[in-house]
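Remarks on the overall topology
Here is what each chain is made of, one letter per residue.
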Amino acid sequence: MAIIITEECINCGACEPECPNNAIYDPATAWRFSDGTELIGIIDLGDGDTLNTEETQAALSDEVYYIVPDKCTECVGFHDEPQCAAVCPVDCCVDDPDHRETKEELLNKKEFMHLV
Ligand code: SF4
Ligand code: SF4
């Protein structure tokens, strides 16, 4: 399960530098798979689709900081607990019920982003 930032976010920015996957972005800022990962060029998403990791993707929120679910590993492989939730002063980094993954899937995601 990825972590999601709720509308309670006060845009303090404390979480962003703590993310080992660079999955957290400022409001209205475009994101890229290649930001903070080892991914370069075209990747196969495994379902027949491909994606250019260096291509900018539309921001997921224009109002508050946001987390890219495809880049969030709940910090698995790096830390014992989600670092964004640990530092957030208003506890608005919470489990995202729409993006549920097993620990093994999260570890595979981490390796996919950092060991290629
Ligand atoms: Fe980043 Fe970890 Fe927060 Fe996911 S849980 S957004 S990997 S700091
Ligand atoms: Fe928002 Fe919490 Fe991150 Fe601050 S630490 S930007 S309040 S999610």
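Residues numbered from 1 in each chain as written. Chains lettered and ligands numbered in written order. Predicted model: local features only at pLDDT ≥ 70, side-chain atom pairs only at ≥ 80, totals over all residues. Heavy atoms only, no water.

Some details on the overall build of the chain
Of regular secondary structure, the chain possesses two helices and six strands. When the elements of the chain are put in sequence order from the N terminus, they spell out β-β-β-β-β-α-β-α. Rg of the C-alpha trace for the chain: 14 Å, near the compact-globule value of 13 Å for 116 residues, within the 12% margin. Dimensions of the chain along its principal axes, counting C-alpha atoms only, are 40 × 30 × 25 Å. Taking all 116 residues of the chain together, 41% fall into the buried category. Summarising the internal contacts of the chain: among those between residues at least 6 apart in sequence, 73% fall at separations of at least 24. About 6,600 Å² of surface is accessible on the chain, with carbon and sulfur atoms providing 46% of the total. Here the chain holds 6 positive side-chain charges and 26 negative ones, and the gap between their average locations is 5 Å. (Helix = DSSP H or I, 4+ residues; strand = E, 2+ residues; numbered from the N terminus. Rg over C-alpha atoms; globule rule 2.2 N^0.38 Å. Buried < 20%, exposed > 50% of the residue type's maximum accessible area, 1.4 Å probe, protein only. Contact = heavy atoms within 4.5 Å. Areas by Shrake-Rupley, 256 points an atom, 1.4 Å probe, with all protein chains shown as cover. Lys, Arg positive; Asp, Glu negative; His and termini not counted. Charge placed at Lys NZ, Arg CZ, Asp CG, Glu CD.)

Things to note about the site of ligand 2
In the vicinity of ligand 2 lie 14 residues, with Cys9, Cys12, Gly13, Cys15 and Cys88 positioned nearest. In the shell around ligand 2, the residues fall into 12 nonpolar, two polar and no charged. (Near = heavy atom within 4 Å. Nonpolar A, V, L, I, M, F, W, Y, C, P; charged D, E, K, R; others polar.)

Notes on a negative patch on the surface
Together, Glu7, Glu8, Asp62 and Glu63 give the surface a local cluster of negative charge. Within the element layout of this structure, Glu63 appears in the loop between β4 (50-52) and β5 (66-67). (Patch = residues over 30% accessible without salt bridge, like charges linked within 9 Å, V, L, I, M, F, W, Y side chains within 5 Å. Salt bridge = Lys/Arg side-chain N within 4 Å of Asp/Glu carboxyl O.)

Comments concerning the environment of Glu74
The topology assignment puts Glu74 in the loop between β5 and α1 (83-87). Along the chain, Glu74 and Leu107 lie 33 residues apart, while their C-alpha atoms are 9.5 Å from each other. Ignoring anything within four residues of it in the chain, the contact list for Glu74 reads Met1, Ala2, Ile3, Glu81, Pro82 and Leu106.

Brief notes about the pattern of salt bridges
The full count for this structure, using the stated rule, is two salt bridges. The residue Glu101 makes a salt bridge to Lys109 at a minimum N-O spacing of 2.9 Å.

With respect to the site of ligand 1
Lining the immediate environment of ligand 1, one finds Ile3, Cys19, Asn21, Ile24, Ile67, Cys72, Thr73, Glu74, Cys75, Pro82 and Cys84. Its residues assigned to classes, the shell around ligand 1 comprises eight nonpolar, two polar and one charged.

Considering the environment of Leu51
Take Leu51: it is sitting in strand β4. A residue is classified by how much of its surface remains accessible, and Leu51, at 19% relative accessible area, is buried. Look past the residues within four positions of Leu51 in its chain and what remains in contact with it is Phe33, Gly41, Ile42, Ile43, Leu45 and Gln57.

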